[in-house]
Amino acid sequence: MSALLDVMGPRIQLLTDLSENRDYSLMKAEVPPGVIVPVHSHDDRETFVVLSGELEAFIEDSWRTVMAGDTIDIPGNVKHAWRNSTNETVTLLVASTVKMGEFFNEIGRPADTVPPGPPAPEVLMHFVTVALAYGYWLGTPDDNASIGISLG
C-alpha cells in the first residue's frame, strides 16, 4: 500500500498499484476538520463513499450534506467542491481513473512532512501548473465566492 499523501489539505492513500492496474484507481481519503476543496472540474468520473463523518458537497449548482453510508457519483466535467465544517476527520473511499491517481501522486507530498497551515506559494503554484497540464478546470476566487468559499 502506498504512503499517505497530502493533496492540498485532503490526504489520499492509493489502494491500487497503478503500475499494474491501468483500469481504475481506488483510494482512501481523509478530509481533516476545516479543509476546503475549492470548486473545480475534470474529465475524470469520481465516486465517493463516505465511510465516517459528515461533509458538505457542492455538485453542479447546490450544496448538500453527505454522511457515513452515502455514495456520491460525480460524472466527468461536473463542477464540484467539498468542505468539512465539522470537528471530525471525514474518511472516504474514492474510485476514479488511473489519470486521477497519477495526478494525486504527482501533486501529493508525504503527509508526515507537510507543515500545518496553508500551502507555501511554490506548493500552490506546482499544484496549479500540474492541474492545468492535466486539463483540469480550477475555479477563480470569484467562482468560489459565488458558492460561499473564501480563498483569502
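Cut-offs applied
- Residues numbered from 1 in each chain as written.
- Predicted model: local features only at pLDDT ≥ 70, side-chain atom pairs only at ≥ 80, totals over all residues.
- Heavy atoms only, no water.
- Buried < 20%, exposed > 50% of the residue type's maximum accessible area, 1.4 Å probe, protein only.
- Phe/Tyr/Trp six-rings, centres within 6.5 Å; stacked < 30°, edge-to-face > 60°.
- Lys NZ or Arg CZ within 6 Å of the ring centre and 35° of its normal.
- Helix = DSSP H or I, 4+ residues; strand = E, 2+ residues; numbered from the N terminus.
- Pairing = 2+ DSSP bridges.

## Considering unusual backbone geometry
Next up, step 1: The phi dihedral of Met8 is positive, around 70°, even though this residue is not glycine.
Next up, step 2: For Asn77, which is not glycine, the phi torsion reads 65° and is therefore positive.
Next up, step 3: Asn77 gets classed as exposed once you look at its relative accessible area, which sits at 58%.

## A short note on the packing of aromatic side chains
Next up, step 1: Scanning all chains against the criterion turns up seven aromatic pairs.
Next up, step 2: In this structure an aromatic cluster arises from ring pairing among Phe103, Phe104, Phe127, Tyr134 and Tyr136.
Next up, step 3: It is Lys79 that lies over the ring of Trp137; its NZ or CZ is 4.4 Å from the centre.
Next up, step 4: Stacked on the ring of Trp63, the Lys or Arg Arg83 has its end atom at 3.7 Å from the ring centre.

## Some details on the pairing of strand β9 (residues 80–83)
Next up, step 1: What you see with β9 is no split at all: His80 and Trp82 on one side and Ala81 and Arg83 on the other are buried throughout.
Next up, step 2: Pairing analysis gives four bridges linking strand β6 (residues 54–59) to β9, with the strands arranged antiparallel. Bridging across to β9, Phe58 finds its partner in Ala81.

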